Structure formats: C-alpha cells, structure tokens
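The primary structure of each chain is shown beneath.
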Amino acid sequence: MFHSYAAIGDSFTEGVGDELPDGSVRGWADFVAMGLAIAAREPVGYANLAIRGRKLGPIVDEQLEVAIALKPEVISFNGGGNDMLRPRMPEERVAGRFRQAVHRIRDEGIHVLMLSGANPTDHLPLGKVFDARGVRLTAALGDLAELDGVTFVDNFNDRGLRDIRYWSADKLHLNSLGHARVASNVLTAIGVATPEEWGVAEVAAAPAGPRSRNTAAYYREFVLPWIGRRLTGRSSGDGRAAKRATLEPLAPDAAR
C-alpha cells in the first residue's frame, strides 16, 4: 500500500478528456489516488505534475526531478505519445530517455508505476502508422517490467480499451469511462481493489460501441487545429502549470 503518490506525463496523465463541470480535468491518476485513499482508510499524499502536449524530453527535463524531490513512495511515469504523433519519431532516442528516467526513479528508492498509454489508433487518421510506433516502443521497453521496484501497466495492449465508448470526441483522449478503466488497470496491478461504484466491470461487460467514422466536421474541429499548432510550433500545454504541484492530502471521504 502506497501512502504518497506523484504522477508525471502529458495529457493522458493530466486527465484531458475527463472534464469536470468547473472546467478542470480529473483523469486516471486522480482515480488511482482516490483508490489508494479508500483502500488505506486514511489520507494519501497526491501530486500530479503532468502537462498536456508535452513530448517525452520535456516531461523528463521539467517534471522528473521535481517529482523525485517530493519524495513520494511511488511515481507513475508515462510519455512518448506526443512523440509518436510527429511526422518523424526518433524511436531509439525516445526509448533511451524513457529507460533512463525509470532507472533514475529506482535509484532514489521510489517505486515506479510504468504505464503505456491507451491506444487510440483504431479511430485516428494514419492510425496504422502510429500503432506500429507504439508497438515497437512498448516492446523495446518491456524488459524494464522485470526490474525490482517497477510495476508495468500495459494499457496500449488492452484491447477492450480501444472501444470507442472509452474515447472523447477528439478520439485522441480518453473520456471519464476510459480514465476509470486505466485506473482500474493500475490498481489491479498493485493489488488494490477497484471501488465497485466506479462501474468499471459493468461498462466492460456491456456491448461494444459503434464503429468510429471520421467526418468532415471531425477534421474541421479537431484535426486541422492540431495541424495548425504543429506548423506554428505551439502546444496545447503552452502557459499551463501542473494542476497539483505538491503532495496534497486526499482523504478517503473526499475520494468517494
């Protein structure tokens, strides 16, 4: 049982797609912290340093040492999804930086929750290209799962999570159902029960959603703005700060 937890990463870990009424985002890392607090029956320290749009290099450069300095018992680490979406992906460099980060966390005696991201490629333009990159990157890092002090949660190869029911309107980010399923994957991997009230099992047992189709409206609303940001060197995370920069206590009652 972990009593302090810090998360680093990009939009996947920040929680984009799981928007709350006040405009903030929740996401799977928040669910994991809630699950830990409920299981522990006492407050759990939780920080989330992830910022949307970040490639792996900036995640490591800007978030890793900050998270380590908080001295949590466990750090979750995911990155590389935004690298995969670029025209060219330096796969060996990305894998190397990911590997170095995992070893850096372990060297500090902090447990590593190493996650692969959920796989959106069934629904995206050029999905087969991005899928192949994800397959290679996940395979290249698979040996890290055998290390002491590392728990690997392979969301990329969770076939059920590819169902359109788990994805938001942009088809790139998980919705609240998807984030809850990823959190369940994480909690299961570390031996913590998923709260029944989340309904993860019921959603998984329900019929699959309809086949996804990319309409002209989808390209106008989501794809073209994304291309525009790439051409102008902008990011969806420009000017954003971490939503939970310190290990703030999360009480069981608040988690429920």
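Looking at the overall build of the chain
Here's step 1: Check the secondary structure of the chain and you find 10 helices and six strands.
Here's step 2: Against the 2.2 N^0.38 benchmark of 18 Å for 256 residues, the chain shows a C-alpha radius of gyration of 17 Å, consistent with a compact globule.
Here's step 3: By the burial criterion, 52% of the 256 residues in the chain qualify as buried.
Here's step 4: Considering only intrachain contacts with a sequence separation of at least 6, the fraction spanning at least 24 residues in the chain is 77%.
Here's step 5: Accessible area of the chain: about 12100 Å², with a carbon and sulfur share of 53%.
Here's step 6: Across the chain, the 31 positively charged side chains and the 32 negatively charged ones have centroids separated by 8 Å.

Side note on the nonpolar core
Here's step 1: Tyr5, Trp28, Val32, Leu115, Leu174, Val182 and Val186 are the most contacted members of the largest nonpolar core, which has 35 residues in total.
Here's step 2: Those elements that provide at least two residues to this core are strand 1 (4-8), helix 2 (28-40), strand 2 (44-48), strand 4 (111-116), helix 7 (176-189) and helix 8 (200-205).
Here's step 3: With residues near it in sequence (within four places) discarded, Leu174 still touches Phe12, Val16, Gly17, Asp18, Ala118, Leu161, Tyr166, Trp167, Ser168, His179 and Val182.
Here's step 4: One finds Ile59, Phe77, Ala101 and Leu144 within the second-largest nonpolar core, a separate group that totals 27 residues.

Considering the sheet that holds strand 3 (residues 74-77)
Here's step 1: The sheet built from six strands is open, its strands ordered 5-4-3-1-2-6 with mixed pairing. Lying at the two open borders of the sheet, with one neighbouring strand each, are strand 5 (150-154) and strand 6 (244-250). Taking each pair of neighbouring strands and ignoring which way they run, the sheet shows an average axis angle of 20°.
Here's step 2: Judged from the four bridges that link them, strand 3 and strand 4 form a sheet pairing that is parallel. Within strand 4, the position partnered with Phe77 by the bridge is Met114.
Here's step 3: Across the sheet, helix 2 touches strand 1, strand 2, strand 3, strand 4 and strand 6, and the angle it forms with strand 2 is around 175°.

Details of the pattern of salt bridges
Here's step 1: For the structure shown, the criterion picks out 14 salt bridges.
Here's step 2: Between Glu108 and Arg104 there is a salt bridge; the shortest N-O distance is 2.7 Å.
Here's step 3: For Arg104, a relative accessible area of 26% puts it in the partly exposed group.
Here's step 4: Bridged by salt links that share partners, the residues Glu14, Arg52 and Arg240 form one connected network.

Notes on the environment of Ala242
Here's step 1: Here Ala242 shows up in the loop between helix 9 (216-232) and strand 6.
Here's step 2: A relative accessible area of 25% means that Ala242 is categorised as partly exposed.
Here's step 3: C-alpha separation for the pair Ala242 and Gln63, spaced 179 residues apart in sequence, amounts to 9.2 Å.
Here's step 4: In contact with Ala242, not counting residues within four places along its chain, are Asn48, Leu49 and Ile51.

So, unusual backbone geometry
Here's step 1: Here the phi dihedral of Leu126 falls at roughly 60°; this positive angle occurs in a residue that is not glycine.
Here's step 2: Structurally, Leu126 can be placed in the loop between strand 4 and helix 6 (127-140).

What about the packing of helix 2 against helix 7?
Here's step 1: For the pair helix 2 and helix 7, interaxial distance at closest approach is 8 Å and the crossing angle is 50°. Judged on the interaxial angle alone, helix 7 and helix 2 are oblique. The handedness of the crossing between helix 2 and helix 7 is right-handed. Every residue of helix 7 that contacts helix 2 at Trp28, Phe31, Val32, Gly35 and Leu36 is listed here: Ser176, His179, Ala180, Val182, Ala183, Val186 and Leu187.
Here's step 2: Looking at the contact of helix 2 with helix 7 residue by residue, the classes come out as nine nonpolar, three polar and no charged.

Reading the values: the criteria
Residues numbered from 1 in each chain as written. Predicted model: local features only at pLDDT ≥ 70, side-chain atom pairs only at ≥ 80, totals over all residues. Heavy atoms only, no water. Helix = DSSP H or I, 4+ residues; strand = E, 2+ residues; numbered from the N terminus. Rg over C-alpha atoms; globule rule 2.2 N^0.38 Å. Buried < 20%, exposed > 50% of the residue type's maximum accessible area, 1.4 Å probe, protein only. Contact = heavy atoms within 4.5 Å. Areas by Shrake-Rupley, 256 points an atom, 1.4 Å probe, with all protein chains shown as cover. Lys, Arg positive; Asp, Glu negative; His and termini not counted. Charge placed at Lys NZ, Arg CZ, Asp CG, Glu CD. Core = buried A, V, L, I, M, F, W, Y, C linked by side-chain atoms within 4.5 Å. Pairing = 2+ DSSP bridges. Axes fitted to C-alpha atoms, helices over the stretch in contact; angles between N-to-C directions. Salt bridge = Lys/Arg side-chain N within 4 Å of Asp/Glu carboxyl O. Parallel < 35°, antiparallel > 145°, perpendicular 65-115°, else oblique. Left-handed = near helix turned anticlockwise from the far one by under 90°. Nonpolar A, V, L, I, M, F, W, Y, C, P; charged D, E, K, R; others polar.

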